[in-house]
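Analysis of the macromolecular model
Letter by letter, the chains look like this.
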Amino acid sequence: MKERDLESFDSLSHQVLPNTSNSTQMIQMAMANSGSSAAAQAGQDQPDRSKWLLDCPEPPSPWHELKSYVKGSILTKAKKFKSLQEQPFPKRILSILQAVFPIFGWCRNYKLTMFKNDLMAGLTLASLCIPQSIGYATLAKLDPQFGLYTSVVPPLIYALMGTSREIAIGPVAVVSLLISSMLQKLIDPEIDPVGYKKLVLTTTFFAGIFQASFGLFRLGFLVDFLSHAAIVGFMGGAAIVIGLQQLKGLLGISNFTTNTDIVSVLRAVWRSCQQQWSPHTFILGCSFLSFILITRFIGKKNKKLFWLPATAPLIAVVVSTLMVFLTKADEHGVKTVKHIKGGLNPISIHDLDFNTPHLGQIAKIGLIIAIIALTEAIAVGRSFAGIKGYRLDGNKEMMAIGFSNVIGSFTSCYAATGSFSRTAVNFAAGCETAMSNIVMAVTVFVALECLTRLLYYTPIAILASIILSALPGLIDINEAIHIWKVDKFDFLALVGAFFGVLFASVEVGLLVAVVISFAKIILISVRPGIETLRRMPGTDIFADTNQYPMTVKTPGVLVFRVKSALLCFANASSIEERIMGCVNEEEEEENIKSHAKRKILFVVLDMSNLINIDTSGITALVELHNNLTQAGVELVIVNPKWEVIHKLNQARFISKIGGKVYMTIEEAIDACFGLKV
């Protein structure tokens, strides 16, 4: 519609229209005064343009889409297979190996200078990994050597199959907490350590199977059920729970609660402090915790000293072990690690227990661990891949971590994943490829063979301080503030996960986060908003009146757009009621302003957001059309998508509204007023 048409209609909006026929007459007069010939020509042209919508071919059925997808996948694989067959046999074998084991791709261009960087990074990584792995094993209620085992085999498998150059694989705090908090409800590790170990290994096997399946069948979307906000809240709550659990080692307490909620832990600490605790242990642990935190602060201030916070835990272990040995502090109440079994990872296939009565619960716990571990690993890998400027293959990552855990469960390892703190150290140390993981694994193996006897006098308080020093990185306060500013509903999921973990259990925290996230999706689907659109001044663009208050009203016309991709049984009635409510409210408002009855002639429904519609949605549109017709208002449809216009045609809805379907809002208004003239 021309600008002069708009001015004529604006002048018309200040006139009193006593009834519908008079309203039509006045609009006709305005159209005549502003160039009715152009509007009439538009009324003649628009039906031809509407045929583009009405005469479009029939969209493919779901069965046809599925068949096309399967056919396309098969053809793509057939082409790859054909091109593979055309290659010489050696290249064919190499191509297959590169597809399964990416190491055969990057090792062809591997240089000595790259190995020097990877060697430095791997040794730095091992110095942090050895004390952390021992600490995380105790957090998982396992013997210390199991943490070292987990830092040998899984990193080697990942180096063969993974696509990330920086990620450091091994035991992590959150997964260790998940294992101990959920499995100790089935078997008490202090009463039956052998049975508990079998549960851990079986759970690791199931976690690996789930992870590899996600990658093999491209089911990575399952990991997205845990939103970013839920993960931030869960990690923060888990970090506090882990920290409270370490008070047992830091205070030298013998009897401690097996519960993980904050109330039970604080109650146990209070009772133990009133009875028996070791001041020597507490002073020793706090001293080295302060040392590790100070070195971390120095490392952040001076990036060239990145090696200082990375080696600080190992220095703390060595110095504290010497102190206990020389002063014989173990005879004065300082608890030590004592015996750590050395040597290569023992084979543990026979320890996988599939005849246990807890098999269903083990599989459920394995699924939870698989999702949490993948979420953390892929998030870490993608963040550093983005910095380096290369793409991470999510499906290959899932398969690599999955096979790392499956093979790890055969070699006395518990669930491993990518560690953010160790990956950051690996990146800062200048790693070039996954060779740094291999160097780290070899170094840990050497430690298992030669150095485990030297750890006999390592105080448990030092392991607790090492775990505590790693926890601040799990609590992301800045990200929580950012989520609060951006999306309050996401922040609610964050808070639910945080307090669920803190005051109930890890499972409850995850469940609360998932429920809140799904509730958000359902609420948006069931109660979608509608936008009232008006013309932007001096343009043919129609925009939301709330977002753009300067928009100009077109007399006799209301334009709505549904803020949903689907008009279905869940939201159809609500949308229909809202549109009718807006129409009635607009007429009442005009009546009050003009002190006489004003009339809405057209309701234009912009369907550009709608991707699909079901029978309930069509029924709601029919009811809306009937209600508007009874009120003397005509319904006009604008820009329906392919699936939508096809279903509306099949339901004969288009004929019910007189074929008033147009490409744009501007065309709809021009055509409707042209037809009135």
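Residues numbered from 1 in each chain as written. Predicted model: local features only at pLDDT ≥ 70, side-chain atom pairs only at ≥ 80, totals over all residues. Heavy atoms only, no water.

The protein chain appears in an unreviewed UniProt entry as STAS domain-containing protein from Capsella rubella. According to UniProt, the comment filed for the protein chain under the heading Subcellular location (unreviewed entry) is "Membrane". (UniProt positions renumbered as here; feature names shortened; annotations may be inferred.)

Attention shifts here to helix α24 (residues 506-526). Between its first and last C-alpha atoms α24 spans 30 Å; for 21 residues at 1.5 Å apiece the expected length is 30 Å, and the two agree. Of all the residues in α24, the buried ones are Val506, Gly509, Leu510, Ala513, Ile516, Ser517 and Lys520. On an axial view of α24, the arc spanned by its buried residues comes to 130°, and they lie on one face. Set apart from the buried face of α24 by more than 90 degrees, the exposed residues are Leu511 and Ile522. Residues of α24 that are buried make contact with α10 (173-183), α12 (228-245), α17 (359-388) and α23 (488-503). (Helix = DSSP H or I, 4+ residues; strand = E, 2+ residues; numbered from the N terminus. Expected span 1.5 Å × (residues − 1). Buried < 20%, exposed > 50% of the residue type's maximum accessible area, 1.4 Å probe, protein only. Arc of directions from axis to C-beta. Contact = heavy atoms within 4.5 Å.)

This part is about the domain arrangement of the protein chain. Per the domain assignment, the segments of the protein chain are domain 1 (117-236 + 278-518) and domain 2 (527-673). Averaged C-alpha coordinates put domain 1 and domain 2 at centres separated by 55 Å. (Domains from an automatic or database assignment.)

Burial within strand β7 (residues 602-606) is extensive, with five of its five residues counted as buried. Of the two faces of β7, the one lined by Phe602, Val604 and Asp606 and the one lined by Val603 and Leu605 are each fully buried. As judged from the five bridges shared by strand β5 (residues 557-562) and β7, these two strands associate in the parallel manner. Opposite phenylalanine 560, over in β7, you have leucine 605 as the bridge partner. Across five bridges, β7 lies against strand β9 (residues 634-638) in parallel orientation. Of the residues in β9, the one forming a bridge with valine 603 is leucine 635. (Pairing = 2+ DSSP bridges.)

We now examine the pattern of salt bridges. Evaluation of the coordinates by the stated rule reveals 11 salt bridges. Notably, a salt bridge pairs lysine 197 with aspartate 351, separated by 3.4 Å at the nearest N-O pair. With lysine 197 in helix α11 (residues 193-216) and aspartate 351 in the loop between α16 (307-327) and α17, this pair connects stretches of sequence that are 154 residues apart. In this structure, the salt-bridge partner of aspartate 606 is arginine 561, at a minimum N-O distance of 3.7 Å. Here aspartate 606, found in strand β7, pairs with arginine 561, found in strand β5; they are 45 residues apart in sequence, far enough to count as distant. What makes aspartate 606 buried here is its relative accessible area of 7%. (Salt bridge = Lys/Arg side-chain N within 4 Å of Asp/Glu carboxyl O.)

Contact geometry for helix α7 (residues 112-139) and helix α20 (residues 435-450): axes closest at 7 Å, N-to-C directions at 45°. As the angle between them shows, α7 and α20 are arranged oblique. The element α7 and its partner α20 pack so that their crossing is right-handed. Between α7 and α20, the residues in contact are Phe115, Asp118, Leu119, Ala121, Gly122, Leu123, Leu125, Ala126, Cys129 and Ile130 and Met435, Ser436, Val439, Met440, Thr443, Val444 and Ala447, respectively. (Axes fitted to C-alpha atoms, helices over the stretch in contact; angles between N-to-C directions. Parallel < 35°, antiparallel > 145°, perpendicular 65-115°, else oblique. Left-handed = near helix turned anticlockwise from the far one by under 90°.)

Before going further, it helps to spend a moment on α11. In an α-helix, one turn spans 3.6 residues; hence positions three or four apart end up facing the same way. An ideal rise of 1.5 Å per residue puts 34 Å on 24 residues; α11 measures up with 34 Å between its terminal C-alpha atoms. One or two steps after α11, the chain reaches arginine 218, where phi turns positive at roughly 55°.

Attention now goes to the pairing of β9. Across the five residues of β9, four count as buried, placing the element largely inside the fold. Pairing between β9 and strand β10 (residues 661-662): two bridges, direction parallel. Each residue of the ladder has a partner; that of isoleucine 637, found in β10, is valine 661.

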